[in-house]
Amino acid sequence: MRPFRAPRGSFTADASPSVSLERGGYRMRAPRLPVSPLDYGKASDGQRMPVKPRTPAANKLNQSLVVLLATLTVACITCFIFAYYLFTSRWELISWKEPLAQANGPIQAFAPRRYKPSQHDNRSFLAYLPHSGVHNQRIALENALAVARLLNRTLLIPPIRFGTKPVRYLPFDTLYRNMELSTSEGLGHCAAIPSFISLPLECLDYFDSTLLPWAELFDFPEFENEREIIFLDTLTLLSNSKFPDLDSSTTLQIRDELPYQYRFVDDEFANALPAGKYSEHLQISRLRQAHQKFLQVGTLFGTSRLLLGGEGTAMLNRIRTSMVVRHSAVNIIAKKIIRRLPHGYIGLHLRLGDGSFAERRTTIVRNSWYDLLHRLGLTSAEIQQIERSSRGTASYPSSFPRTERPLSRLVGQRPQCDGYQSKSKFNGLPHPVFVSTDLKHPRTDPLLVLFRHTFPCLYFLSDFQEEVQSLQQTRSPLDGVSLYTHLVPFVEAIVVAHSDFFVGTPGSTFSNYIERTLWPAYQRDFQYSNQTHL
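Here the structure is a predicted model, which means the values were calculated and not measured.

When helices and strands are counted, the chain shows 14 helices and 16 strands. A total of 534 residues make up the chain; the buried ones form 43% of that total. Counted over contacts in the chain with a minimum sequence separation of 6, partners at least 24 positions apart contribute 73%. Only carbon and sulfur atoms are counted for the fraction: they give 54% of the accessible area of the chain, which is about 30300 Å².

The structure is reproduced here in structure tokens:
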């Protein structure tokens, strides 16, 4: 019997599972398996190609899971590395280390001079404890500058402390301890935390206060010699590591227990009995004989703290008159506001928001209103008539405080202001008035209803937000805290001091600073500029 052999035609491409008759027989033909183009030659020789085994579905699923797990593992490791990097470098955003141009512009005072200890330095030093608000600190600095020169000592000047809660006066030891504890050493990273990140516990009170070198705000033309003044970065000597030889044997401390305990006097007043609020006299000539390298006193606040002779008084007056604001950004913004104000405007400062001023704010407003009208040349009868038109009754006392005689050069002058419109039977006085006050909403505050009725042309700092906005970028070069809220009052002071005349709040050191220092200085500059153009 012949062996079975499939015909060649059954391997053709068009073969199908049909019955094929061949020489009287029939067979079932299966379809030909697919062959790759490269294997056509082998297929044509009648040889079947080997069939590759199929991969089970379970194996494919395992491979996909392995790839997924590998991808997730790599992603987790990458995220962990990135998170660790962010955690370790979270405090490295210290852009405030370099002061901005606005806070350190070309008109600034000289850079703070920091003490570099020397073994051959035979100088003696004077230090004092600042406290309270910025203008109380300024008065203490003025007195300290005078005392240091009279004692022939180098004055160690602590920075200005701005804060929402000023450090009030305390006895020497307590105040010294408070100043040591108020340092922000080791908390420099707090200023670099972005606003969208919660503050850590140690930074919760960091932005309530800030420090600023005095040379950032003022010039000291009387003390250009580096041997006379040194600017510190801290408020006390013990918290400053630049004085390694500071100990009890090299330091003489004059501890006070009362805010007005000691008064520094010249020899000609040495035999005079203490009078007024000061209980003891300290003779300057005796302090000059002290051999200790460091002389540490307590508070030096008080405009009558020093009782000096002719030369000493003249020197103190020169120091006080030289304390004019020289901050570049503050002066630029103030000049922009002054250019927008009408010519011949009046300056007014009302301190009403804190302490005894808040308790007496109604009286302060009424007295300031009367004083302003009186200086404009109005009589008491005219002032009472204006008051009746405002309230319907004359509720003012028969006598009013009169700080100065009326300014005759302003009587009869009525400079018009933009948008002046009267909304009452009384037409009002069209004198433009710029008001500097610590009220939060002075435009609508009922305390100022008399001023709004009498002077429809009132201006407040809130009317110049576009000009003041650039001040928000200024930061302290010592701790990186924003200086915006602390420099805004100086802008108001400069604007008020450029007015034709000024009315302040009695008992306010801010008003006193404008009246005795800024306003005379700017008036002298104005007169000098007019003379140079003649």
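This part covers the pattern of salt bridges. What the rule picks out here adds up to 9 salt bridges. Across the salt bridge formed by Arg255 and Asp173, the nearest N and O atoms sit 3.0 Å from each other. Linking Arg255 in the loop between β8 (251–254) and β9 (262–265) with Asp173 in helix α4 (residues 172–181), this pair joins segments that are 82 residues apart in sequence. Here Arg255 falls in the partly exposed class, since its relative accessible area comes to 41%. A residue is classified by how much of its surface remains accessible, and Asp173, at 45% relative accessible area, is partly exposed. Bridged by salt links that share partners, the residues Arg138, Glu142 and Arg320 form one connected network.

A surface patch of nonpolar side chains, about 480 Å² in accessible area, is lined by Leu61, Leu65, Leu68, Leu69 and Leu72. Secondary-structure assignment places Leu68 in helix α2 (residues 57–88). Relative accessible area serves as the criterion here: at 46%, Leu68 is assigned to the partly exposed category.

A few words on the environment of Phe490. Tracing the sequence through the fold places Phe490 in helix α13 (residues 484–497). For the pair Phe490 and Ile514, spaced 24 residues apart in the sequence, the C-alpha separation amounts to 9.9 Å. Apart from the residues lying within four places of it in its own chain, the contact partners of Phe490 are Val134, His135, Phe162, Leu217, Phe218, Val325 and Val330.

Further remarks concern the state of the cysteines. Enumeration over the complete set of coordinates arrives at 1 disulfide. For Cys190, the disulfide goes to Cys203, at an S-S distance of 1.8 Å. On the sign convention where negative is left-handed, the bridge of Cys190 and Cys203, at about -70 degrees about the S-S bond, is left-handed. Residue Cys190 is located in the loop between α4 and β6 (209–212), and its partner Cys203 is located in the loop between α4 and β6; the two are separated by 13 residues in the primary sequence.

The next point concerns the sheet that holds strand β7 (residues 229–231). Taken in spatial order, the 5 strands make up an open sheet running β7-β4-β3-β11-β8, and their pairing is parallel. Edge positions in the open sheet fall to β7 and β8, since each of these has one partner strand only. The average angle at which neighbouring strand axes cross in this sheet is 20 degrees, direction not considered. As judged from the 3 bridges shared by strand β3 (residues 125–127) and strand β11 (residues 294–297), these two strands associate in the parallel manner. Residue pairing for β11: Ala127 is matched across the bridge by Gln296. Packing against the sheet, helix α3 (residues 134–151) makes contact with β3, β4 (154–157), β7 and β11, and its axis sits at approximately 155 degrees to β4.

In sheet architecture, strand pairing relies on hydrogen bonds along the backbone and comes in two forms, parallel and antiparallel. The sheet built from 3 strands is open, its strands ordered β10-β9-β12 with parallel pairing. Each of the sheet's edge strands pairs with one partner strand only, and the pair in question is β10 (280–283) and β12 (306–307). When β9 meets β10, the two strands line up parallel, connected through 4 bridges. Within β10, the position partnered with Phe264 by the bridge is Leu282.

Take unusual backbone geometry next. The phi torsion at Ser132 lies on the positive side, around 65 degrees, for a residue other than glycine. With respect to the helices and strands, Ser132 occurs in the loop between β3 and α3. Judged by its relative accessible area of 17%, Ser132 falls in the buried class. You will see that Asn152, though not glycine, has its phi angle at about 60 degrees, which is positive. The topology assignment puts Asn152 in the loop between α3 and β4.

Here we come to the side chain of Asp445. With respect to the helices, strands and loops of the structure, Asp445 is situated in the loop between β14 (433–437) and α11 (449–454). Buried and without a salt bridge, Asp445 has Arg361 as its closest oppositely charged side chain, separated by 5.8 Å. Contacts of Asp445, omitting those with residues within four sequence positions, involve Leu439 and Arg452.

With that settled, consider the nonpolar core. By size, the foremost hydrophobic cluster in this structure holds 74 residues, and its most contacted members are Leu155, Phe220, Ile337 and Phe434. Once you skip the residues sitting within four places of it in the chain, Ile337 turns out to touch Phe434, Leu461, Phe464, Glu467, Val468, Val491 and Val495. Counting residues in each nonpolar core, the second largest holds 28 residues, with Val365, Leu378, Phe455 and Val503 among its members.

What follows concerns the packing of helix α7 (residues 328–340) against α13. Following both chains from N to C, one finds α7 and α13 inclined at 45 degrees, their axes separated by 9 Å at the closest point. Put simply, α7 runs oblique to α13. Viewed along their axes, α7 and α13 form a crossing whose handedness is right-handed. Counted together, Val330, Asn331, Ile333, Ala334, Ile337 and Ile338 of α7 and Leu487, Phe490, Val491, Ile494 and Val495 of α13 form the full contact between these two elements. A class-by-class count of the residues in the contact of α7 with α13 yields 10 nonpolar, 1 polar and no charged.

A few words now on the packing of aromatic side chains. For the structure on display, the rule yields 9 aromatic pairs. With a centroid separation of 5.6 Å and an interplanar angle of 85 degrees, the aromatic rings of Tyr260 and Tyr278 are classed as edge-to-face. On the criterion of sequence distance, the pair formed by Tyr260 in the loop between β8 and β9 and Tyr278 in the loop between β9 and β10 is long-range, its members being 18 residues apart. Judged by its relative accessible area of 25%, Tyr260 falls in the partly exposed class. Look at Tyr278 and you get buried, because its relative accessible area is 3%. These aromatic residues form a ring-pair network of at least three members: Trp214, Phe218 and Phe490. Stacked on the ring of Tyr260, the Lys or Arg Lys277 has its end atom at 4.4 Å from the ring centre.

This next bit is on the packing of α3 against helix α6 (residues 310–321). Contact pair α3 / α6: the axes reach a minimum separation of 9 Å and the direction vectors enclose 140 degrees. Of the possible angle classes, the one that applies to α3 and α6 is oblique. For the element pair α3 and α6, the recorded crossing hand is right-handed. Mapping the contact onto sequence places Glu142, Asn143, Leu145, Ala146, Arg149 and Leu150 in α3 and Met315, Leu316, Ile319 and Arg320 in α6. In terms of residue class, the contact of α3 with α6 is made up of 6 nonpolar, 1 polar and 3 charged.

Definitions and cut-offs
Residues numbered from 1 in each chain as written. Predicted model: local features only at pLDDT ≥ 70, side-chain atom pairs only at ≥ 80, totals over all residues. Heavy atoms only, no water. Helix = DSSP H or I, 4+ residues; strand = E, 2+ residues; numbered from the N terminus. Buried < 20%, exposed > 50% of the residue type's maximum accessible area, 1.4 Å probe, protein only. Contact = heavy atoms within 4.5 Å. Areas by Shrake-Rupley, 256 points an atom, 1.4 Å probe, with all protein chains shown as cover. Salt bridge = Lys/Arg side-chain N within 4 Å of Asp/Glu carboxyl O. Patch = residues over 30% accessible without salt bridge, like charges linked within 9 Å, V, L, I, M, F, W, Y side chains within 5 Å. Disulfide = S-S within 2.5 Å. Pairing = 2+ DSSP bridges. Axes fitted to C-alpha atoms, helices over the stretch in contact; angles between N-to-C directions. Lys, Arg positive; Asp, Glu negative; His and termini not counted. Core = buried A, V, L, I, M, F, W, Y, C linked by side-chain atoms within 4.5 Å. Parallel < 35°, antiparallel > 145°, perpendicular 65-115°, else oblique. Left-handed = near helix turned anticlockwise from the far one by under 90°. Nonpolar A, V, L, I, M, F, W, Y, C, P; charged D, E, K, R; others polar. Phe/Tyr/Trp six-rings, centres within 6.5 Å; stacked < 30°, edge-to-face > 60°. Lys NZ or Arg CZ within 6 Å of the ring centre and 35° of its normal.

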